[in-house]
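The chain contents come next:
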Amino acid sequence: MPQGDKSAYTDIQKRKAEHIEEGYEDRGVSKEEAEKRAWATVNKQDGGGKKSGSGRANHKKD
């Protein structure tokens, strides 16, 4: 997947990124920087785009 390709993300992740981006823009961050920060936040929270295969569940260690 080329850098910047958002096709691997779910619709929910895309909407979340848009909402975060709007928040940054409201605070005076440039459109480009707001988009970068928004996708970085989505990646940090959700671990990136869709994952294929089994065994991808988040298992908590006690």
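Use the structure listed above.
Residues numbered from 1 in each chain as written. Predicted model: local features only at pLDDT ≥ 70, side-chain atom pairs only at ≥ 80, totals over all residues. Heavy atoms only, no water.

## Structural notes on the overall build of the protein
- Of the regular secondary structure elements, the protein holds two helices and zero strands.
- Buried residues in the protein amount to 24% of all 62 residues.
- Taking as baseline every contact in the protein between residues at least 6 positions apart, the subset at least 24 positions apart corresponds to 55%.
- Split by element, the accessible area of the protein, about 5200 Å² in all, is 45% carbon and sulfur. (Helix = DSSP H or I, 4+ residues; strand = E, 2+ residues; numbered from the N terminus. Buried < 20%, exposed > 50% of the residue type's maximum accessible area, 1.4 Å probe, protein only. Contact = heavy atoms within 4.5 Å. Areas by Shrake-Rupley, 256 points an atom, 1.4 Å probe, with all protein chains shown as cover.)

## Considerations on helix H1 (residues 11-26)
- In this model, H1 (16 residues) spans 23 Å end to end at C-alpha, consistent with the 22 Å of a helix rising 1.5 Å per residue.
- Positive backbone phi, approximately 95°, marks Gly28, located one or two places after H1. (Expected span 1.5 Å × (residues − 1).)

## Section: helix H2 (residues 31-46)
- For H2, which comprises 16 residues, the first-to-last C-alpha distance of 22 Å matches the rise-based estimate of 22 Å (1.5 Å per residue) to within 8%.
- Looking at the buried side of H2, the elements it contacts are H1.
- A positive phi of about 75° marks Gly47, the residue just after H2.

## Some words on the pattern of salt bridges
- The tally for this structure, following the rule as stated, stands at five salt bridges.
- Here Lys31 makes a salt bridge to Glu21, at a shortest N to O gap of 2.7 Å. Placement of the pair is Lys31 in helix H2 and Glu21 in helix H1, with a sequence separation of 10 residues.
- Residue Lys31 is classed as exposed on the basis of its relative accessible area, which comes to 54%.
- With its nearest N and O atoms 3.1 Å apart, the salt bridge here joins Glu33 to Arg37. Taken together, the residues Glu33 and Arg37, both in helix H2 and four residues apart, mark about one turn of the helix.
- It is possible to trace a salt-bridge network through shared partners that takes in Glu21, Glu25 and Lys31. (Salt bridge = Lys/Arg side-chain N within 4 Å of Asp/Glu carboxyl O.)

These figures come from the coordinates and say nothing about function on their own.
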